[in-house]
Amino acid sequence: MDNLDESYCLFKRTVNAFEILNQEELQKFYALFKPVTFSRKSVLTESGSTEKYLYFVVKGVQRIVFQDDLGHEATILFTYQGNFGGVLDSMLTGRATQYTYETLTKSILLRANINEVRALEKIYPAIHNLLFEGLLYAFSGLLERLVEIQCYSAEEKFRILLKRSPHILQIVPHKYLANYIGIDATNFSKLINTVKL
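Every chain is numbered on its own, with residues counted from 1 as its sequence reads. Per-residue local features are limited, in this predicted model, to residues with pLDDT of at least 70; the limit for side-chain atom pairs, both in listing and counting, is 80 or more; totals at the level of whole chains, interfaces and linings are taken over all residues. Only heavy atoms go into the side-chain values, all of them from the structure, while hydrogens and water stay out.

*Asks:* Lay out the packing of helix α5 (residues 125–151) against helix α6 (residues 154–164) with the relevant residues and their values.
*Replies:* Every axis in this analysis is a line fitted to C-alpha atoms, fitted for helices over the stretch in contact. Angles between the N-to-C directions lie between 0 and 180 degrees. Counting from the N terminus, the helices are the DSSP runs of H or I reaching at least four residues and the strands are the DSSP runs of E reaching at least two. Interhelical geometry of α5 versus α6 gives an angle of 155° and a closest axis separation of 9 Å. In terms of axis orientation, α5 runs roughly antiparallel to α6. Here Glu144, Arg145, Glu148, Ile149 and Cys151 of α5 lie close against α6, whose contacting residues are Glu156, Lys157, Ile160 and Arg164. Residue polarity follows a fixed list, in which Ala, Val, Leu, Ile, Met, Phe, Trp, Tyr, Cys and Pro are nonpolar, Asp, Glu, Lys and Arg are charged, and the others, Gly among them, are polar. Across the contact of α5 with α6, the residue classes tally to 3 nonpolar, no polar and 6 charged. What sets the label is the angle itself: under 35 degrees gives roughly parallel, over 145 gives roughly antiparallel, 65 to 115 gives roughly perpendicular, and the rest give oblique. Contact criterion: two residues are considered in contact whenever any of their non-hydrogen atoms come within 4.5 Å of each other.

*Asks:* Describe the pattern of salt bridges, listing the residues and the values that go with them.
*Replies:* Within this document, salt bridges are pairs made up of a side-chain nitrogen of Lys or Arg and a carboxyl oxygen of Asp or Glu, the two lying within 4 Å of each other. This model, assessed by the stated rule, comprises 5 salt bridges. Across the salt bridge formed by Glu102 and Lys41, the nearest N and O atoms sit 3.2 Å from each other. One end of the pair, Glu102, is in strand β7 (residues 99–103); the other, Lys41, is in the loop between β1 (34–38) and β2 (43–45), with 61 residues separating them in the sequence. Residues joined by salt bridges that share partners form a network here, namely Lys41, Arg63, Glu73 and Glu102.

*Asks:* Lay out a nonpolar patch on the surface with the relevant residues and their values.
*Replies:* The patches described consist of residues with a relative accessible area above 30% and no salt bridge, like charges being joined within 9 Å and nonpolar side chains (Val, Leu, Ile, Met, Phe, Trp, Tyr) within 5 Å. All accessible areas in this document rest on Shrake-Rupley with a 1.4 Å probe, and a residue is counted as covered only by the protein chains that are shown. A cluster of nonpolar residues, Phe139, Leu142, Leu143 and Leu146, forms a patch on the protein surface that exposes about 370 Å² of accessible area. Note on exposure labels: buried denotes an accessible area under 20% of the residue type's maximum, exposed denotes more than 50%, and partly exposed covers the range between, all computed with a 1.4 Å probe on protein chains only. Accessibility expressed as a relative area gives 43% for Leu142, which makes it partly exposed.

*Asks:* Let's hear about helix α4 (residues 114–123): which residues, and what values?
*Replies:* Buried within α4 are the following residues: Ile114, Val117, Leu120 and Glu121. Buried residues of α4 fall within an arc of 120° about the axis and therefore sit on the same side. Away from its buried face by more than 90 degrees, α4 exposes Asn115, Lys122 and Ile123. The elements touched by buried residues of α4 are α2 (23–30), β3 (53–59), α3 (88–93), β8 (107–113) and α5. Any pair of nitrogen or oxygen atoms within 3.5 Å is treated as a polar contact; in protein, a donor-acceptor pairing is required on top of that, and neighbouring residues in sequence qualify only through side-chain atoms on both sides. For α4, the capping residue at the N-terminal end is Asn113, with a side-chain oxygen 2.8 Å from the backbone nitrogen of Asn115. Each C-beta atom gives one direction from the helix axis, and the arc is the one those directions make.

*Asks:* Help me get a handle on the packing of aromatic side chains, residues and values and all.
*Replies:* The criterion for an aromatic pair is that two Phe, Tyr or Trp rings (for Trp, the six-membered ring) have centres within 6.5 Å, with stacked assigned to planes under 30 degrees apart, edge-to-face to planes over 60 apart and tilted to the rest. Tallied over the entire structure, the rule returns 15 aromatic pairs. In this structure an aromatic cluster arises from ring pairing among Tyr8, Phe11, Phe29, Tyr30, Phe33, Phe56 and Phe84. Counted as over-ring charges are cases with an Arg CZ or a Lys NZ within 6 Å of the ring centre that also lie within 35 degrees of the ring normal. Residue placement shows Arg111 over the ring face of Tyr53; its charged tip is 4.2 Å from the ring centre. One residue, Arg145, lies across the ring of Tyr180, its end atom 3.7 Å from the ring centre.

Quick look at the structure:
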């Protein structure tokens, strides 16, 4: 199986989990996506720019990060194999974003021009419905994250992270996971060594 076949199978599996698109709609949607490869620490969407693409991750790990004027970073979310990606606020509003979307590892992605996606969803309402369901799923995850950040201890956030995504310790560098749950990297290392799941 070549990379294109692997990419299509992964894309199909992810999209079909929503049970919205028929075969024709799936193929039309997939046809918008072109393969791209990026090295580690490549910026896909820069803060201050407008998101031009909807991404689908074939291999690698990426993150969306906010950085203030003093250089403090807050990792908002990770994307990895089988995820759609891109900076949602900019994608939805067409305005410049304050977030950066970057690769943490070498990454193979599929990307579709967002204007072409919007044009296709006018022809195929099921594609619009798929994107809307994906947006609802992302929004639900965001609300869960807000509760975690505001209400739970470092250990509780660590446990929730590993319960939700048990594989994440193997694919995301630990310093970024520490930043994601809002703790010092040293404390994160202690949690790895002391928390039993």
